[in-house]
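Working through the structure, step by step
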Amino acid sequence: MKIVVCVKQVPDTATKIKVGADAKTIDSDGVEYVISPYDELAVEHAVRIKENNDDVEIVAVSMGSADSDKILRHALAMGADRGILIENDNSCDSFVTAQSLANAIKEENPDLVLCGVKAVDDDCSQVGGILATLLEVPFIWSAAELSYEDNKVTAQNELAGETYTVECELPCVVSIQKGSVEARINSLISIRKARKKEVNNVAATTSEAVMQTEKLELPAAKVGGRIVGEGPEAVAELFKLLREEAKVL
Amino acid sequence: MPATLDLYKMYETLTTEEQQIWQAAQNFVDKEFMPIISAHHRDATFPVELIPKLGKLGFLGSQLPEEYGCAGINNRAYGLIMQELERGDSALRSVASVQGALVMYPIWRYGSQQQKEHWLPQLAAGEKVGCFGLTEPDFGSNPAGMLTNAKPHKDGFLLNGSKMWITNGNIADVAVVWAKLDGKVHGFLVPKDTPGFTATEIKGKFSLRASITSELSFNDCFIPKENMLPEAQGLKAPLSCLSQARYGIAWGAIGSALATYHCALDYSKTRIQFDKPIASFQLIQQQLVEMASDITHAQLLAFRLAELKDQKQVRPAMISLAKRNNVRMALNTARTARNILAANGIVDEYPIMRHMMNLETVITYEGTHEVHTLILGQHLTGVSAFE
């Protein structure tokens, strides 16, 4: 069995984002890049399937700049067997990313493709679905729990307070949401072993992105609230302001 | 990634592997240790269940060779682990320091092949715990005066004496005990069930409350000759172990200082007095700047010391300088942080007082601040103030 896990490098979630001089990208000075947390969970699910089954190979695939090697090494330390880095320094949209990933993944002919439900930098949540379409296999979106048995996966997801359980025969693509599984902490020995694992660098195989970022700006600073009074006597004033000033009623 | 301080971009010089090791140590401390430390500090207990976890992650004796189940990492990566463990609590770093630098290191450096193969893999995995007995009730800064002694007896030795302030003494499966044999210091491995060997926990500590500290006593303990460390002769052997541990302390102190500095920094931005955050007051800013400046100095020392140690150019005086400077820095940082938090600084909702009390130990163990001053004094002048 072969599992491909797609991973993306994103700014550390604790980073205070600043807009770059071009007003289209973020200022990367001092920004620490990490594996997107949902992608890390996808790796964890893959490694657990490998630990519970014989003859499972895990291939971690990332599209991004050369320093994405760092997050591939993280996935390798978690338990992936080898990595593929699709080198690309240009900004690209979800379709272009999925297309390049699909071209690389087709050559691997995997049984199962896992990815995070979304990358926490742009929150697009589109690559998994487009990838499944391009690979012409079923897609399970946002699985909080995932198990594998007898050539099929069972995924659970909570939507609107209901738990949905979905079964699907392989091959398929599953995007992973946060559930009960937590990503492991890598041991020093696994980190050292990861250094020696194979990472293949390949060129991106897609055309220019159709979608372009026109402008990037931070949300307007929040202004302080206003207390219009206390108790029942303030209600009339509150209604008036909501209707006439905020215009939400 | 937890808040750090990297004004001189030193952490950016780390290799991918070093960054991953640092991240693993951060994750362990944040996920496994921070949620429980306050309760253990109150109860004066150590979470012993974490020792096998430390072992599984490779944090015990992590610099020793892979053939004994260790990770074989370099000194910079080792230092970063010590930094993160002590960001959690000095008790956590102490456990790793004692196991790695004071128990596994002497077995690896001075032990027989059989001793290495028997003990090192189990100690690395955290399946067994060790302790280190050098200090005695009446001999702290002057270990050469130790009274604990070994006398030849049948196919081994009879060990008599006592050791004081021994981290992990009550939970240790094996003690590395230093004793005089014919007037010369030797090392002995004493398993916990040896008849005549007892460990008594020292209660009532205000400092390192989350660490187990014991007094060991040896009353005609028979030690078979194969339990003596064959290559350790003279006081230089235990002092070489202390050099390893002191190196880790120089890094650990930075972690403690980062914890108290960030606590004070965050607090100052949200604490409102006179209708504005206290971070806007000049006197508060000055205190934060002093802390950040001192931490940066300590980082520079630690990073350079790691390079020298990896290049095998490190000398005891260099380690003394870093241990002495960085622990004093961390203690001053904790006191300044406590000042910024004022009344809130004394409750254990914040980590400051816990760190400050711990550092009152760290500044005197593994060589007091004054002893390190005199080691440096001797190095500079060529004249020993001890003799």
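In this text, all values refer to a predicted model and were calculated from it rather than measured experimentally.

1. Looking at the overall build of chain B
Along the backbone of chain B there are 10 helices and 9 strands. Computed over C-alpha atoms, the radius of gyration of chain B comes to 21 Å, within 12% of the 21 Å expected from 2.2 N^0.38 for 387 residues, which places it in the range of a compact globule. Projected onto its principal axes, the C-alpha positions of chain B cover 80 × 45 × 40 Å. Taken across its 387 residues, chain B has 57% of its residues classed as buried. In chain B, the share of contacts with a sequence separation of at least 24, taken over all contacts with a separation of at least 6, comes to 74%. Summing over all exposed atoms, chain B offers an accessible surface of approximately 16,100 Å²; the carbon and sulfur share of this is 54%. Positive and negative side-chain charges in chain B, numbering 36 and 38 respectively, have mean positions lying 3 Å apart.

2. What to know about the overall build of chain A
The helix and strand inventory of chain A stands at 6 helices and 12 strands. In terms of principal-axis extent, the alpha carbons of chain A reach across some 70 × 45 × 40 Å. Every one of the 249 residues in chain A was classed for burial, and the buried ones make up 42%. For chain A, contacts bridging at least 24 residues in sequence account for 70% of all contacts bridging at least 6. Split by element, the accessible area of chain A, about 13,800 Å² in all, is 49% carbon and sulfur. Distance between charge centres in chain A, computed from 26 positive and 42 negative side chains, equals 5 Å.

3. As for the UniProt feature "domain: Acyl-CoA dehydrogenase/oxidase C-terminal" (unreviewed entry) in chain B
Mapped onto this structure's residue numbering, the UniProt feature "domain: Acyl-CoA dehydrogenase/oxidase C-terminal" (unreviewed entry) falls at residues 233-380 of chain B. For the annotated span residues 233-380 of chain B, helix accounts for 76% and strand for 3% of the residues, and the straight-line distance between the end C-alpha atoms is 27 Å.

4. Focus: the packing of aromatic side chains
Residues and elements named next belong to chain B. Enumeration according to the criterion identifies 11 aromatic pairs over all chains in this entry. One aromatic cluster is present, formed by Tyr11, Trp22, Trp251 and Phe303 through successive ring pairs. Positioned above the aromatic ring of Tyr247, the side-chain terminus of Lys309 is 5.1 Å from the ring centre.

5. As for the packing of helix H6 (residues 236-270) of chain B against helix H9 (residues 352-362) of chain B
Residue and element names in this part refer to chain B. At a minimum axis distance of 10 Å, the contact between H6 and H9 shows a crossing angle of 155 degrees. By the criterion of interaxial angle, the relationship of H6 to H9 is roughly antiparallel. H6 and H9 meet at a crossing whose hand is left-handed. Residues Ile249, Ser256, Ala259, Thr260 and Cys263 of H6 form the contact with H9, whose participating residues are Ile352, His355, Leu359 and Val362. The class makeup of the residues in the contact of H6 with H9 is 6 nonpolar, 3 polar and no charged.

6. Regarding the interface of chain B and chain A
In this complex, chain B contributes 25 residues to the contact, which on the side of chain A involves 19 residues. One can count 4 salt bridges joining chain B with chain A. Asp29(A) is paired through a salt bridge with Lys9(B); the nearest N and O atoms lie 3.8 Å apart. Between chain B and chain A we count 7 residue pairs in polar contact (both at pLDDT 80 or more) in total. Elements with a contribution of two residues or more to the side of chain B that touches chain A: helix H1 (16-43) and helix H2 (50-57) of chain B.

7. A word on unusual backbone geometry
Omega for the bond connecting Leu170(A) with Pro171(A) falls within 30 degrees of zero, at 5 degrees, which places this linkage in the cis form. Relative to the elements of secondary structure, Pro171(A) occurs in the loop between strand E10 (162-169) and strand E11 (172-176). The residue Lys9(B) is not glycine, and still its phi comes out positive at about 55 degrees. Examined against the element boundaries, Lys9(B) turns out to sit in the segment before H1. Judged by relative accessible area, which is 36%, Lys9(B) ranks as partly exposed. In this structure, Asn168(B) takes a positive phi of about 70 degrees despite not being glycine.

8. So, the packing of H6(B) against helix H8 (residues 316-341) of chain B
Residue and element names in this part refer to chain B. Running from amino to carboxyl end, H6 crosses H8 at an angle of 20 degrees, the nearest separation of the two axes being 8 Å. In terms of orientation, H6 lies roughly parallel with respect to H8. The crossing of H6 and H8 is left-handed. When the residues that make up the contact of H6 with H8 are grouped by side-chain class, the tally is 19 nonpolar, 5 polar and 2 charged.

9. Observations regarding the sheet that holds E10(A)
Residues and elements named next belong to chain A. Spatially, E8-E9-E10 is the arrangement adopted by the 3 strands of the open sheet, whose pairing is antiparallel. The sheet is open, and its two edges are formed by strand E8 (145-149) and E10, each paired on a single side. Sheet twist, expressed as the average angle between the axes of neighbouring strands with direction ignored, equals 20 degrees.

10. Focus on the UniProt feature "domain: Acyl-CoA oxidase/dehydrogenase middle" (unreviewed entry) in chain B
If you check UniProt for "domain: Acyl-CoA oxidase/dehydrogenase middle" (unreviewed entry), the listed places come out as residues 131-221 of chain B in our numbering. The straight-line gap between the two end C-alpha atoms of residues 131-221 of chain B is 17 Å; of that span, 0% is helix and 55% is strand.

11. A few points about the sheet that holds strand E1 (residues 2-6) of chain A
All names here are of chain A. Strands sit in the order E7-E11-E6-E1-E4-E5-E12 across an open sheet of 7 strands; the sheet is parallel. Every other strand in the sheet has two partners, leaving strand E7 (139-143) and strand E12 (199-203) as the edge strands with one partner each. Strand-to-strand twist in this sheet, taken as the mean axis angle between neighbours without regard to direction, amounts to 20 degrees. Relative to strand E5 (residues 82-87), strand E4 (residues 57-64) runs parallel, the two being bridged by 6 bridges. When the sheet's bridge partners are listed, Ser62 is paired in E5 with Leu85. Across the sheet, helix H1 (residues 37-52) touches E1, E4, strand E6 (112-116) and E11, and the angle it forms with E6 is around 145 degrees.

12. Observations regarding the domain arrangement of chain B
Residue and element names in this part refer to chain B. Looking at chain B, the domain boundaries give domain 1 (11-124), domain 2 (130-233) and domain 3 (237-381). The straight-line distance from the C-alpha centre of domain 1 to that of domain 3 is 20 Å. Each side of the interface is counted separately: domain 1 has 30 residues, and domain 3 has 30 residues. Summing both partners gives a buried area of about 2,500 Å² for domain 1 against domain 3, and 58% of it is carried by carbon and sulfur.

Conventions adopted
Residues numbered from 1 in each chain as written. Chains lettered and ligands numbered in written order. Predicted model: local features only at pLDDT ≥ 70, side-chain atom pairs only at ≥ 80, totals over all residues. Heavy atoms only, no water. Helix = DSSP H or I, 4+ residues; strand = E, 2+ residues; numbered from the N terminus. Rg over C-alpha atoms; globule rule 2.2 N^0.38 Å. Buried < 20%, exposed > 50% of the residue type's maximum accessible area, 1.4 Å probe, protein only. Contact = heavy atoms within 4.5 Å. Areas by Shrake-Rupley, 256 points an atom, 1.4 Å probe, with all protein chains shown as cover. Lys, Arg positive; Asp, Glu negative; His and termini not counted. Charge placed at Lys NZ, Arg CZ, Asp CG, Glu CD. UniProt positions renumbered as here; feature names shortened; annotations may be inferred. Phe/Tyr/Trp six-rings, centres within 6.5 Å; stacked < 30°, edge-to-face > 60°. Lys NZ or Arg CZ within 6 Å of the ring centre and 35° of its normal. Axes fitted to C-alpha atoms, helices over the stretch in contact; angles between N-to-C directions. Parallel < 35°, antiparallel > 145°, perpendicular 65-115°, else oblique. Left-handed = near helix turned anticlockwise from the far one by under 90°. Nonpolar A, V, L, I, M, F, W, Y, C, P; charged D, E, K, R; others polar. Salt bridge = Lys/Arg side-chain N within 4 Å of Asp/Glu carboxyl O. Polar contact = N/O pair within 3.5 Å; in protein donor to acceptor, adjacent residues only side chain to side chain. Pairing = 2+ DSSP bridges. Domains from an automatic or database assignment. Buried area = accessible area lost by both parts, 1.4 Å probe.

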